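If you want the building blocks of each chain, they are given just below.
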Amino acid sequence: MAHYDLHMPVFEEQVRALRINDTVTLHGTLYGIRDATQIHMFDRGRKPRFDLKGHAVIHTAPNVRKVDKSAEFPAGYAPVCIGTTTSDRMERFTRPLMKQYGVRFIIGKGGMREGSAQSFADIGGAYLAVIGGTAALETTWIEAIEDVDMDDLKPESLWKFRLKGFCPLLVAMDSHGGSLYTAVKANSQARRAQALASLGVAVK
Amino acid sequence: MKIDPQQVEDAARELYIRAVKLLPPDIKQGFAGLVKRETDATAQGVLGTMLVNIQVAEDTDNLLCQDTGIPIYNVRIGRNVELDGFAMKQAIRKGCERATREHPLRSSVVHPVTRKNEHSSCGRHVPVIHIDFCSDEELLEIEMIPKGSGSENNSFLKMAIPADGVDAIKTFVIDCVLEAGGKTCPPTIVGVGVGGTADLCVHLSKVAATRALGSRCSDREGAKLEEALTEAGNMLGVGPQGLGGDSTAFAVHVETAATHITMNPVAVNMQCHSARRARATFRPAGLEYGY
Ligand code: SF4
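Everything numeric in this text was worked out from a predicted model, so none of it was measured.

Rules used in this analysis
Residues numbered from 1 in each chain as written. Chains lettered and ligands numbered in written order. Predicted model: local features only at pLDDT ≥ 70, side-chain atom pairs only at ≥ 80, totals over all residues. Heavy atoms only, no water. Helix = DSSP H or I, 4+ residues; strand = E, 2+ residues; numbered from the N terminus. Rg over C-alpha atoms; globule rule 2.2 N^0.38 Å. Buried < 20%, exposed > 50% of the residue type's maximum accessible area, 1.4 Å probe, protein only. Contact = heavy atoms within 4.5 Å. Areas by Shrake-Rupley, 256 points an atom, 1.4 Å probe, with all protein chains shown as cover. Buried area = accessible area lost by both parts, 1.4 Å probe. Salt bridge = Lys/Arg side-chain N within 4 Å of Asp/Glu carboxyl O. Polar contact = N/O pair within 3.5 Å; in protein donor to acceptor, adjacent residues only side chain to side chain. Nonpolar A, V, L, I, M, F, W, Y, C, P; charged D, E, K, R; others polar. Domains from an automatic or database assignment. Expected span 1.5 Å × (residues − 1). Pairing = 2+ DSSP bridges. Axes fitted to C-alpha atoms, helices over the stretch in contact; angles between N-to-C directions. Near = heavy atom within 4 Å. Phe/Tyr/Trp six-rings, centres within 6.5 Å; stacked < 30°, edge-to-face > 60°.

Novice: Could you clarify how one ought to interpret the overall build of chain B in this entry?
Specialist: Helix and strand counts for chain B come out as eight helices and nine strands. Relative to the globule expectation of 19 Å for 291 residues, the C-alpha radius of gyration of chain B, 19 Å, shows essentially globular dimensions. In terms of principal-axis extent, the alpha carbons of chain B reach across some 50 × 50 × 45 Å. Considering chain B as a whole, with its 291 residues, one finds that 57% of them fall into the buried category. A sequence separation of at least 24 residues applies to 81% of the contacts in chain B between residues at least 6 apart. Carbon and sulfur atoms provide 52% of the accessible area of chain B, an area that totals close to 12,100 Å².

Here is the structure:
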C-alpha cells in the first residue's frame, strides 16, 4: 500500500504503477461528468470543448450557485456541494472515454464491472473510489469551478474543477485486473450460506 | 388549532434545507455503535471519513451529500386541526420549490420520458406527499425525507408464494443486500415490507427504511424478523461502501400488513448512511423543528 501525489494530466506509466489499496491525491484539474453528459457525448455525438487526455473524470452532478464571473468564480458558478454518484450506471462509457478521449482515471462510488476492468487493463487506467455520501468533505478539496461545457444539461454538465488536493482516493480497480469489489463480492457470496443458516433457512 | 397554508409552505421549505444538512441523532448513534464493533481496518477508515463528513457539513453549513434526492413529505394530522387540505398540498409543493431555488439546492427531479429538469425539485406527483391521521388532539406533523437515488435504485419486490413461507422472505432480504453491494452507500437501513398488496408492500418497505434507528416494528412477528435479519445481514461482509467489513447495515427494519391467503409478498427498500430526515411539529404552543 503506497501513497501517490499525482499532478494531472498523467501518463500511462504513472497509472500502471498503481495497485489496489494504494491511495492517491490528485492535484490540478479534475473533470465532472455524469449519465446525461455521456449519453450526449457518445449516443448523440456531441464533442466537448475540453481536452480530457490523461485526465481524471469524477461521476458527479454538483450543487452550484450562479454568480457573476470573477477571478474566484471563472465559470460564473460557486461550488455549493460537490460529491459522487453511483458509477455502475455509467459502465458502458468507460471504454469510449478512455479510447476516444484518453481519460486515465474514473472516480466514483460503488465500483464498476468487468468491461471497465478490461478497459483499465487494455488501455491503462484505474478506478479511484471516493466515499459516497461524503460531499461536504469533498467540497473542501475543490478550489474553484474553472469552466463548464454542455451546460444545457445542468447539473449534468461537463465541469472543470481546480483542485486543492483531492484526497484520499482509494485505488479500487487497477490496470492489472485487481478489483476490491470483485474480492468483496466473492467473499460475501461465500458467506451467504452462513447468514441463511443463522436464520434457520436450509440452502438449496 | 387552525393552520395557515403560509406556515406550511415556510415549514416545507425549511424542512428540505434542514434535512439535507443535519443528520438525525439516532443515525449518529448508529455510527458510534458500528465504529465500536467494526473489526476491518479499511471499514474503520471509511466510517471515519463518513463521520468527518458529518462534522464538516455542520461546521460549514453545507449539504451532507450532493444528492438532494426525491423529496418526500409525510403529513400526520390530529383530530382537532382545522386546515384546507388542498391548500396544504399546494403549500408543501411551493415550499419544496422555494428551498430548491432560494438556497439553492440541486434539483434532482426530471420528467421520466423527456428527462427535462424544471430545477424546482418538483414534477408530476413529486414531491411525494403522504397524508395520514392520528389520535392526538391538536397536532400537525410534517416529516421530510430527501430520498437519495443510490439507495432507491436498489428497491426490490418479490411476490413469493405461501408454500415458500417465511424462508422466502428471509432469503430474499439477504439476496437483496448482496445484490445491492456498495451501490446503496452502506451502512444502510434495510427496509423490509412483508405482506399487503404489491404497492402496499413496497410502501411499507420505504416506511421501514426511513424509520428512526432504535425504533421497532409494532407487530411482534415483524420485530422478531428485524432482529434476526440485522444479525444475518451483517454477516455478509459487504461493509461500508461495499469495500468489505462488518458494518453492512445499521439495522434491518420490518413493517408488516395482512395479506391474501394465496400471497406472500416481500419488498426491500434501502436507506443509505446519509439517512436524512427532518420534522416540523405544529402545536397550539407553536412550531418546533426536530428529526
Ligand atoms: S446513496 Fe445516499 S449517501 Fe450515497 S450518494 Fe446517494 S444520497 Fe448520497
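Picking up after the structure, the text goes on.
Novice: Mind showing me how you'd approach the interface of chain A and chain B here?
Specialist: Many descriptions give the size of an interface as the accessible area lost when the pieces come together. The interface is formed by 44 residues belonging to chain A together with 43 residues belonging to chain B. When chain A packs against chain B, the two sides together hide about 3,600 Å² of surface, and 61% of this comes from carbon and sulfur. The largest per-residue losses of area from chain A upon contact with chain B belong to Asn63, Ile131 and Leu199 of chain A, which jointly make up 16% of the total buried on that side. For the pair chain A and chain B, the number of links is one salt bridge. For Asp175 of chain B, the salt bridge goes to Arg192 of chain A, with nearest N and O atoms at 2.5 Å. Between chain A and chain B we count 17 residue pairs in polar contact (both at pLDDT 80 or more) in total. Broken down by secondary-structure element, the contributors of at least two residues to the side of chain A that touches chain B are strand E5 (63-66), strand E6 (77-81), helix H5 (135-139), helix H6 (180-190) and helix H7 (192-198) of chain A. Here the side of chain A that touches chain B is composed, by residue class, of 20 nonpolar, 16 polar and eight charged.

Novice: Could you clarify how one ought to interpret the domain arrangement of chain B in this entry?
Specialist: Residue and element names in this part refer to chain B. Here chain B is partitioned into domain 1 (5-20 + 64-148 + 275-290) and domain 2 (150-271). One C-alpha centre belongs to domain 1, the other to domain 2; they are set 26 Å apart. Taken over both partners, the interface formed by domain 1 and domain 2 buries close to 710 Å², and the fraction arising from carbon and sulfur atoms is 58%. The tally of links from domain 1 across to domain 2 stands at one salt bridge. Glu152 is the salt-bridge partner of Lys147, the closest N and O atoms lying 3.0 Å from each other. For the pair domain 1 and domain 2, the interface holds five residue pairs in polar contact (both at pLDDT 80 or more). Of the residues that constitute the side of domain 1 that touches domain 2, the class distribution is three nonpolar, two polar and four charged.

Novice: I would appreciate a short explanation of the pattern of salt bridges in the present structure.
Specialist: Side chains that differ in charge, positive against negative, can pair when their charged atoms come close. All names here are of chain B. Counted according to the given criterion, the structure contains 33 salt bridges over all chains. Among the ionic pairs, Glu82 bridges to Lys2, the shortest N-O distance being 3.8 Å. Taken as a pair, Glu82 in the loop between strand E1 (70-77) and helix H4 (85-102) and Lys2 in the segment before helix H1 (5-21) lie far apart in primary sequence, 80 residues in all. The partner of Glu226 in a salt bridge is Arg211, with the nearest N and O atoms 2.7 Å apart. Residue Glu226 is located in helix H8 (residues 220-233), and its partner Arg211 is located in the loop between helix H7 (198-209) and H8; the two are separated by 15 residues in the primary sequence. By relative accessible area, which is 4% here, Glu226 ends up buried. Take Arg211: its relative accessible area is 13%, and that puts it in the buried class. Among the ionic contacts, a cluster of salt bridges with common partners joins Glu9, Asp10, Arg13, Arg98 and Glu102.

Novice: What's the story with H1 of chain B in this structure? I'm lost.
Specialist: Because an α-helix packs 3.6 residues into every turn, residues spaced three or four apart end up facing the same way. Residue and element names in this part refer to chain B. If you check H1, its first and last C-alpha atoms are 25 Å apart, about what 17 residues at 1.5 Å a residue would give, namely 24 Å. Those residues of H1 that fall on the buried side of the exposure criterion are Val8, Glu9, Ala11, Ala12, Leu15, Tyr16, Ile17, Ala19, Val20 and Lys21. Where the residues of H1 are buried, they touch helix H3 (41-59), E1, H4, strand E3 (140-147), strand E8 (278-283) and strand E9 (286-290).

Novice: Even after reading the chapter, I still don't get the sheet that holds strand E11 (residues 166-173) of chain A, so can you show me in this structure?
Specialist: Backbone-to-backbone hydrogen bonds join strands into a sheet, with any given pair of strands oriented parallel or antiparallel. Residues and elements named next belong to chain A. With mixed pairing, nine strands are arranged side by side in an open sheet as E1-E2-E11-E8-E7-E4-E3-E10-E9. Two strands in the sheet have a free side with no partner beyond their single neighbour: strand E1 (3-7) and strand E9 (142-149). The mean angle between the axes of side-by-side strands here comes to 35°, regardless of whether they run parallel or antiparallel. Alignment of strand E7 (residues 105-108) against strand E8 (residues 126-129), held across four bridges, turns out to be parallel. Counted as the bridge partner of Gly108 is Ala129 from E8.

Novice: Is there a simple way to think about the sheet that holds E8 of chain B in this case?
Specialist: Residue and element names in this part refer to chain B. Taken in spatial order, the five strands make up an open sheet running E2-E1-E3-E8-E9, and their pairing is mixed. Each of the sheet's edge strands pairs with one partner strand only, and the pair in question is strand E2 (128-133) and E9. Going across the sheet, the axis of each strand differs from the next one's by a mean of 15°, ignoring polarity. Contacts from H4 reach E1 and E2, with the element oriented near 145° to E1.

Novice: I keep staring at the site of the ligand and nothing clicks. Help me out?
Specialist: In the region of the ligand, 13 residues are neighbours, and Gly133 of chain A together with Cys65, Cys185, Cys272 and Arg276 of chain B sit closest. The environment around the ligand is built from residues contributed by chains A and B. Here the shell around the ligand is composed, by residue class, of three nonpolar, seven polar and three charged. Shared between two domains, the shell around the ligand holds at least three residues of each, these being domain 1 (5-20 + 64-148 + 275-290) and domain 2 (150-271) of chain B.

Novice: What is the right way to read the packing of aromatic side chains from this model?
Specialist: Geometry of an aromatic ring pair is reported as the spacing of the ring centres plus the angle between the planes. All names here are of chain A. The full count for this structure, using the stated rule, is seven aromatic pairs over all chains. Centroid distance Tyr31 to Phe50: 5.4 Å. Interplanar angle 35°. Geometry classified as tilted. Residue Tyr31 is found in strand E3 (residues 29-33), and its partner Phe50 is found in the loop between helix H2 (35-43) and strand E4 (56-59); the two are separated by 19 residues along the sequence. Both residues of the pair, Tyr31 and Phe50, belong to the buried class. Members of the aromatic cluster, joined through ring pairs, are Phe42, Phe93 and Tyr101.

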